Amino acid sequence: MLHRQSASPRVVLVQDPAAAARLVVDEIADLCARCRAEGRAPVLGLSTGRTPVAIYGELIRRVREGGLDLGHAVAFNLDEYEGLSSSDPRSFAAWMERVLFDPLEWPRSRRHIPDGTVRPADQGAQCAAYEAAIRAAGGIDLQLLGIGRNGHIGFNEPGSDLHSRTRCVELDRSTREDAAADFFPEDPPRRAITMGIATICEARRVRLLAFGAHKRAAIQRALSGPLGEDCPASFLALHPDARFLLDGAAHGPGAQS
Ligand code: GLP
């Protein structure tokens, strides 16, 4: 039986995605300043989807205005579709380039994302190398997360083990339905490579964001149900520094920001 830590995850109610972005980027700026003082590189765990778009816009704005130096930051993305190369505009690698890396001229040597084109026989080695690269960078300081309607984090679908590591997974029907518009008229991929729950939970801070009523059931399950594989986000209750930044619609009735 797994028990919740009494104080986590902490819920932070926000007015909208822009307000959440300002809070998260304030935290990233503090982290970067602290790392600079310590003489080490900040390590960020990044996610894709509609949810983090405002964060990446705010990061770009602050860097351009001179209020944030991401010069030494190292990035590890959560996941990638199997079978898509970084030159495919539907890949998460291409999405990250468009939305964050190109605008900031983020050097390739300091960004990491699983390669969707690795042959199945070599995926185990790629996944082990991804874990090793995170460790070699000193571990992830701050991991950004969204949440799927089914409670997934990264592509850790229901059924994912608390001790799971970076690996190849089958995508759920609801996940493929949500991705369908991005792939139409083709079918969305059936498989992906994702950091595991244990990989995510080793990050020193985890910030999960969710906006809109379509996320409410997953959020309520993650925050108030028992910890279990049917809702991978529920495992974040075991993390000592996990926060959920939610708008009123995702949080549910009674929410005040
Ligand atoms: C995908 C990604 C997740 C993301 C989720 C929600 O499944 N693998 O990392 O959190 O979608 O996406 P959105 O933010 O668009 O709702």
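Structure's up top.
From a predicted model like this one, the values you see are computed outputs, not experimental measurements.

Attention shifts here to the overall build of the chain. The helix and strand tally for the chain stands at 8 helices and 10 strands. The globule rule puts the C-alpha radius of gyration for 257 residues at 18 Å, and the 17 Å found for the chain is close to it. Across its three principal directions, the C-alpha atoms of the chain cover 45 × 45 × 35 Å. Expressed as a percentage of its 257 residues, the buried residues of the chain come to 52%. Sequence separation of 24 or more characterises 78% of the internal contacts of the chain that already satisfy a separation of 6 or more. Carbon and sulfur atoms make up 52% of the accessible area of the chain, which totals about 11,600 Å².

So, about the sheet that holds strand S4 (residues 79–81). One open sheet accounts for 3 strands, arranged S4-S8-S7; its pairing is antiparallel. What marks the edges here is a single partner per strand, and that holds for S4 and strand S7 (167–170). Neighbouring strand axes in the sheet, compared pairwise and without regard to direction, differ in orientation by 30 degrees on average. Bridge count for S4 against strand S8 (residues 191–194) is 3 bridges, and the pairing is antiparallel. For Glu 80, the partnering residue across the bridge sits in S8 and is Ile 193.

Let us now look at the pairing of strand S9 (residues 205–210). The element S9 is largely enclosed, with a buried count of 6 among its 6 residues. Side chains of S9 alternate between two faces, with Arg 205, Arg 207 and Leu 209 and Val 206, Leu 208 and Ala 210 buried alike. In this sheet, S9 lies alongside strand S6 (residues 142–145) in parallel orientation, the contact comprising 4 bridges. When the sheet's bridge partners are listed, Leu 142 is paired in S9 with Arg 205. As judged from the 5 bridges shared by S9 and strand S10 (residues 242–246), these two strands associate in the parallel manner. When the bridges of S10 are listed, Leu 208 appears paired with Phe 244. For the crossover from S9 across helix H7 (residues 216–224) to S10, the handedness is right-handed.

What counts and what doesn't
- Residue indices begin from 1 for each chain and proceed along its sequence in written order.
- Local features are withheld for residues below a pLDDT of 70 in this predicted model, meaning they are given only at 70 or higher, and side-chain atom pairs are given and counted only at 80 or more; totals for whole chains, interfaces and linings count all residues.
- Heavy atoms throughout the structure, all of them, feed into the side-chain values; hydrogens and water do not.
- Counting from the N terminus, the helices are the DSSP runs of H or I reaching at least four residues and the strands are the DSSP runs of E reaching at least two.
- Only C-alpha atoms enter the radius of gyration, while the globule expectation follows 2.2 Å times N to the 0.38, with N the number of residues.
- For every residue, the accessible area obtained with a 1.4 Å probe (protein chains only) is divided by the maximum for its type, and the residue is called buried under 20%, exposed over 50%, and partly exposed between those limits.
- We call two residues in contact when some of their heavy atoms are within 4.5 Å.
- For the accessible areas, the method is Shrake-Rupley and the probe is 1.4 Å, while residue cover comes only from the protein chains on display.
- Only strands joined by at least two bridges in the DSSP assignment are considered to pair.
- All axes are obtained by fitting lines to C-alpha atoms, using only the stretch in contact for helices, and the reported angles, taken between N-to-C directions, cover 0 to 180 degrees.
- Think of it like this: strands point away, you trace from the first strand over the helix to the second, and a clockwise trace means the crossover is right-handed.

Without other data, these values stay purely geometric and don't point to any function.
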